[in-house]
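Analysis of the macromolecular model
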Amino acid sequence: MYAFLCGLGGNAVRFFILLYFSSRLSYKTFNLSFAFMWVLPWVVLNEILPSQLLVFLIGFLFLSLYGIFNSKIIWKHTILISVLLLSIVFWSNGVAGTIGYWFAKEIASKYILILQFLDLGMVIFSCGLLYLSLLGISKLFRPNLQYLYHQILLIVTCPFLFILLSEQVITNVIYGDSIIWSPTGGLIYPQIQTAPILILQILAGMTFLSILLLFRRLERTISIEEENKLLVHQLVEQAGYVREIQNHERQLCSLQHDIKNHFLLLQELLSQQKVEEATRYLADLEKSSHKIDYPVRTGNATVDVLLKSKLSMVAQKDVEIQCDLKTPAVSTITDIEWCIIFGNAVDNASQAVEAIPEDERYLRINGTQKGNFLYLRIENSCLRSLSSIIEGVGLSNLRTVVKNHSGTLDIEIGGGKFSLDILLLISQQ
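Residues numbered from 1 in each chain as written. Predicted model: local features only at pLDDT ≥ 70, side-chain atom pairs only at ≥ 80, totals over all residues. Heavy atoms only, no water.

This next bit is on the overall build of the protein. Counting secondary structure elements, the protein contains twelve helices and seven strands. By the burial criterion, 40% of the 429 residues in the protein qualify as buried. In the protein, of all internal contacts separated by at least 6 residues, the share reaching a separation of at least 24 is 71%. (Helix = DSSP H or I, 4+ residues; strand = E, 2+ residues; numbered from the N terminus. Buried < 20%, exposed > 50% of the residue type's maximum accessible area, 1.4 Å probe, protein only. Contact = heavy atoms within 4.5 Å.)

Quick look at the structure:
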């Protein structure tokens, strides 16, 4: 009964540890009461399942479902985390079992009193080893769940998990889960050479750690390559932005050159008491000036200049524009990142509206700040037949900016509407 309770408690603690690090690796808050709902059925199933393979499959299913329902991440990423966690739990259980067997054979057989607490000691040791191993991995390697190239890690981790699972299954098949103990002769069965097994388990752990370190270096290399691509694209964007500003300045100069003639015409209309015609002419003149110099006041000088130029060009395509945007004057978002966000979004919208009738064209830009969070929504009309897009360099760079600020980017397409919802974590300086 004592050994049964130790095993039951050990399984419960181990699964609590797995659920905790599942939340930690997913950057989510660990909910103890919600986790308890998953631990209780797991412990019951773990005791009644007849084979180690079924224990693995049910554990994998529970961890994957927990990741989907609690952490709200897609199934591909929760599979990666589940495989990582199960790899470590099988490894720690194997090491604890080998050391526990050696301790029972060499030490506890000489001191019967120690043998009474061997089950409890093995549970504490295996749970402690599992927690410390996962704690180290969570600090060394916390996967960024936005990038699908983490499937590479899943591919190299699965063989490691398969080897550990095979070792557990073979051990159970050959040696079983029973021991024969003699009060005089000590441990009679099973007789296992612990040293080679322990060396192999340690080498397996070092191999797995090496895989994580190599993957971390690979991740950094990929990140540097992405940053280089982003810098090249930024240079191209900056060159295009300079051309747009120059064109905008030429249009302003043209308006200023003709302003005297506009005033003379208005003066003539008013002198002839043609107030209605003068009002219409003034309205047309105001509309024309907005197309050249669209008024924007967001609170950030860079964003104001950028959107004033971009929206002035969009307005020339007879697009209904609504801009209700408030951005911080100073924040962790750089000027180049502002250009990437709004430059790509407005350029894409400008291209999309060209394919639809003028009376259906609109562009809406909204943005609010709550504490250290900035929410942006850019919505424009598009073809009703449009249901998906192929993401190019612009959206890829936009995702990189969002990633750099620990944010989210959601794209919605349908019903003649295309929208970008962006949430950024920023801090004012």
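One face of the sheet, then the other: side chains in a regular strand alternate in exactly this way. Note: strand 5 (residues 373-381) against strand 7 (residues 417-425), nine bridges, orientation antiparallel. Considered in strand 7, the bridge of glutamate 379 is made with serine 419. Note that strand 6 (residues 408-414) and strand 7 share seven bridges and pair antiparallel. Among the inter-strand pairings, isoleucine 411 is bridged to a residue of strand 7, identified as leucine 420. (Pairing = 2+ DSSP bridges.)

Between helix 10 (residues 301-315) and helix 11 (residues 335-353), whose axes approach to 10 Å, the crossing angle comes to 15°. With respect to their mutual orientation, helix 10 and helix 11 come out roughly parallel. In the crossing of helix 10 with helix 11, the sense of the turn from one axis to the other is right-handed. Facing helix 10, whose interface residues are Thr302, Val303, Leu306, Leu307, Lys310, Leu311 and Val314, helix 11 presents Asp335, Trp338, Cys339, Phe342, Gly343, Val346, Asp347 and Ser350. Across the contact of helix 10 with helix 11, the residue classes break down as nine nonpolar, three polar and three charged. (Axes fitted to C-alpha atoms, helices over the stretch in contact; angles between N-to-C directions. Parallel < 35°, antiparallel > 145°, perpendicular 65-115°, else oblique. Left-handed = near helix turned anticlockwise from the far one by under 90°. Nonpolar A, V, L, I, M, F, W, Y, C, P; charged D, E, K, R; others polar.)

Quick look at the nonpolar core now. Counting residues in each nonpolar core, the largest one holds 36 residues, and the members touching the most others are Leu307, Ile341, Phe342, Leu363, Ile365 and Ile422. Only helix 10, strand 3 (320-325), helix 11, strand 4 (362-370), strand 5, helix 12 (393-404) and strand 7 provide two or more residues apiece to this core. Considering each element in turn, this core owes the most residues, nine residues, to helix 11. Isoleucine 341 has contacts with Leu376, Leu398, Val401, Ile422 and Leu424, leaving out every residue within four places of it along the chain. Ranked by size, the runner-up nonpolar core spans 33 residues in total, among them Leu19, Leu63, Leu80 and Val123. (Core = buried A, V, L, I, M, F, W, Y, C linked by side-chain atoms within 4.5 Å.)

A word on the environment of leucine 129. By secondary structure assignment, the location of leucine 129 is in helix 6 (residues 118-140). The spatial distance from the C-alpha of leucine 129 to the C-alpha of asparagine 93 is 8.6 Å, given a sequence separation of 36 residues. Setting aside residues up to four positions removed in sequence, leucine 129 forms contacts with Trp91, Ser92 and Val95.

This part covers helix 10. Relative to the 21 Å expected for 15 residues at 1.5 Å per residue, helix 10 spans 21 Å between its end C-alpha atoms, a close match to the ideal helical length. Where helix 10 begins, the side chain of asparagine 300 points an oxygen toward the backbone nitrogen of threonine 302, at a separation of 3.0 Å. (Expected span 1.5 Å × (residues − 1). Polar contact = N/O pair within 3.5 Å; in protein donor to acceptor, adjacent residues only side chain to side chain.)

Under the definition given, this model contains six salt bridges. Salt-bridge contacts for arginine 364 lead to glutamate 379; the nearest nitrogen and oxygen are separated by 3.3 Å. You can see arginine 364 sitting in strand 4 and its partner glutamate 379 sitting in strand 5, a full 15 residues away along the chain. One continuous salt-bridge network, built from bridges that share partners, spans Arg364, Arg377, Glu379 and Asp421. (Salt bridge = Lys/Arg side-chain N within 4 Å of Asp/Glu carboxyl O.)

Here the focus is the packing of aromatic side chains. Applying the stated criterion across every chain yields a total of nine aromatic pairs. With centroids separated by 5.0 Å and ring planes inclined at 80°, the aromatic side chains of tyrosine 20 and phenylalanine 21 adopt a geometry described as edge-to-face. Aromatic rings pair up to connect Phe15, Phe34, Trp38, Phe62 and Tyr66 into one cluster. One Lys or Arg, arginine 364, reaches over the ring of tyrosine 362 and ends 4.0 Å from the middle of that ring. (Phe/Tyr/Trp six-rings, centres within 6.5 Å; stacked < 30°, edge-to-face > 60°. Lys NZ or Arg CZ within 6 Å of the ring centre and 35° of its normal.)

Looking now at unusual backbone geometry. Positive phi, normally seen in glycine, also occurs at aspartate 318, with a value near 55°. Positionally, aspartate 318 belongs in the loop between helix 10 and strand 3. Take aspartate 318: its relative accessible area is 32%, and that puts it in the partly exposed class. Look at serine 406: it is not a glycine, yet its phi comes out positive at around 50°.

Here we come to the sheet that holds strand 4. Sheet architecture is open: five strands sit in the order 3-4-5-7-6, paired in mixed fashion. Bordering the open sheet on either side are strand 3 and strand 6, each of which pairs with just one other strand. Between one strand axis and the next, the sheet turns through 10° on average, direction left out of account. The sheet contacts of helix 10 involve strand 3 and strand 4, and relative to strand 3 the element is tilted by about 165°.

One can find serine 331 in the loop between strand 3 and helix 11. From its side chain, serine 331 meets the backbone nitrogen of isoleucine 333 in a polar contact 3.2 Å long.

The next thing to look at is a nonpolar patch on the surface. Among the surface-exposed residues, Ile199, Leu200, Ile202, Leu203 and Met206 lie close enough to one another that they form a single nonpolar patch of about 500 Å² accessible area. Along the chain, the position of methionine 206 falls in helix 8 (residues 194-271). (Patch = residues over 30% accessible without salt bridge, like charges linked within 9 Å, V, L, I, M, F, W, Y side chains within 5 Å. Areas by Shrake-Rupley, 256 points an atom, 1.4 Å probe, with all protein chains shown as cover.)

The next subject is the side chain of threonine 298. On the secondary structure map, threonine 298 appears in the loop between helix 9 (275-292) and helix 10. A polar contact is formed between the side chain of threonine 298 and the backbone nitrogen of asparagine 300, at a distance of 3.2 Å. Side-chain polar atoms of threonine 298 contact the side chain of aspartate 304, separated by 2.6 Å. When neighbours within four sequence positions are excluded, threonine 298 is seen to be in contact with Val303, Asp304, Leu307, Leu325, Lys326 and Thr327.

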